[in-house]
Amino acid sequence: MKYLKINIEESADIEILKNVILQLKGVSSAEIIDEENPESELKKAFAKTKEQLKTGDYETLVNDIFDILTKNNSKK
């Protein structure tokens, strides 16, 4: 999978930009990442994992963990 990193100005409306990008042909997903506040991303990840465990969505949970591990190993 390939990614596109877009740096935006602080005054930009991130949600509108995300919705516009999702309308483009070939875009399967868009995620807002705040590199200045990585703790919030970590909290989102834990919340998602907690919800997956509650709903019994173990397959997606395992796939998410595998994706994280393979991304980290490919950067080395």
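Residues numbered from 1 in each chain as written. Predicted model: local features only at pLDDT ≥ 70, side-chain atom pairs only at ≥ 80, totals over all residues. Heavy atoms only, no water.

(A) Focus on the overall build of the protein chain. Regarding its fold elements, the protein chain presents 3 helices and 0 strands. For the protein chain, with 76 residues in total, the buried portion stands at 4%. Looking at the protein chain as shown, the accessible area adds up to about 7,300 Å², and 56% of this sits on carbon and sulfur atoms. (Helix = DSSP H or I, 4+ residues; strand = E, 2+ residues; numbered from the N terminus. Buried < 20%, exposed > 50% of the residue type's maximum accessible area, 1.4 Å probe, protein only. Areas by Shrake-Rupley, 256 points an atom, 1.4 Å probe, with all protein chains shown as cover.)

(B) Local environment of the pattern of salt bridges. One pass over the full model with this rule turns up 1 salt bridge. We note a salt bridge from Asp64 to Lys48, for which the minimum N-O separation is 3.2 Å. With Asp64 in helix 3 (residues 58-75) and Lys48 in helix 2 (residues 38-55), this pair connects stretches of sequence that are 16 residues apart. For Lys48, a relative accessible area of 48% puts it in the partly exposed group. (Salt bridge = Lys/Arg side-chain N within 4 Å of Asp/Glu carboxyl O.)

(C) Quick look at a nonpolar patch on the surface. Judged by side-chain polarity, Leu4, Ile6, Ile8, Ile14 and Leu17 come together as a nonpolar surface patch covering roughly 440 Å² of accessible area. Its location among the elements puts Ile8 in the segment before helix 1 (14-22). (Patch = residues over 30% accessible without salt bridge, like charges linked within 9 Å, V, L, I, M, F, W, Y side chains within 5 Å.)

(D) Spotlight on the environment of Thr49. Turning to its location among the elements, Thr49 is positioned in helix 2. By relative accessible area, Thr49 is classed as partly exposed at 27%.

(E) Region of interest: the confidence of the model for the protein chain. Looking at the protein chain as a whole, the pLDDT averages 80, with 84% of positions reaching at least 70. Of all the helices and strands in the protein chain, helix 3 carries the lowest mean pLDDT, 75, while helix 1 carries the highest, 91. (pLDDT = per-residue confidence, 0-100.)

(F) Fine view of the environment of Glu15. Following the sequence through the fold, Glu15 ends up in helix 1. Residue Glu15 is classed as partly exposed on the basis of its relative accessible area of 45%. Taking the C-alpha atoms as reference, Glu15 lies 8.5 Å from Ile32; in sequence the two are 17 residues apart.

(G) Representation of the side chain of Gln52. Relative to the helices and strands, Gln52 is located in helix 2. Accessibility expressed as a relative area gives 6% for Gln52, which makes it buried. Aside from chain neighbours lying at most four places away, what touches Gln52 is Asp57, Thr60, Leu61 and Asp64. (Contact = heavy atoms within 4.5 Å.)

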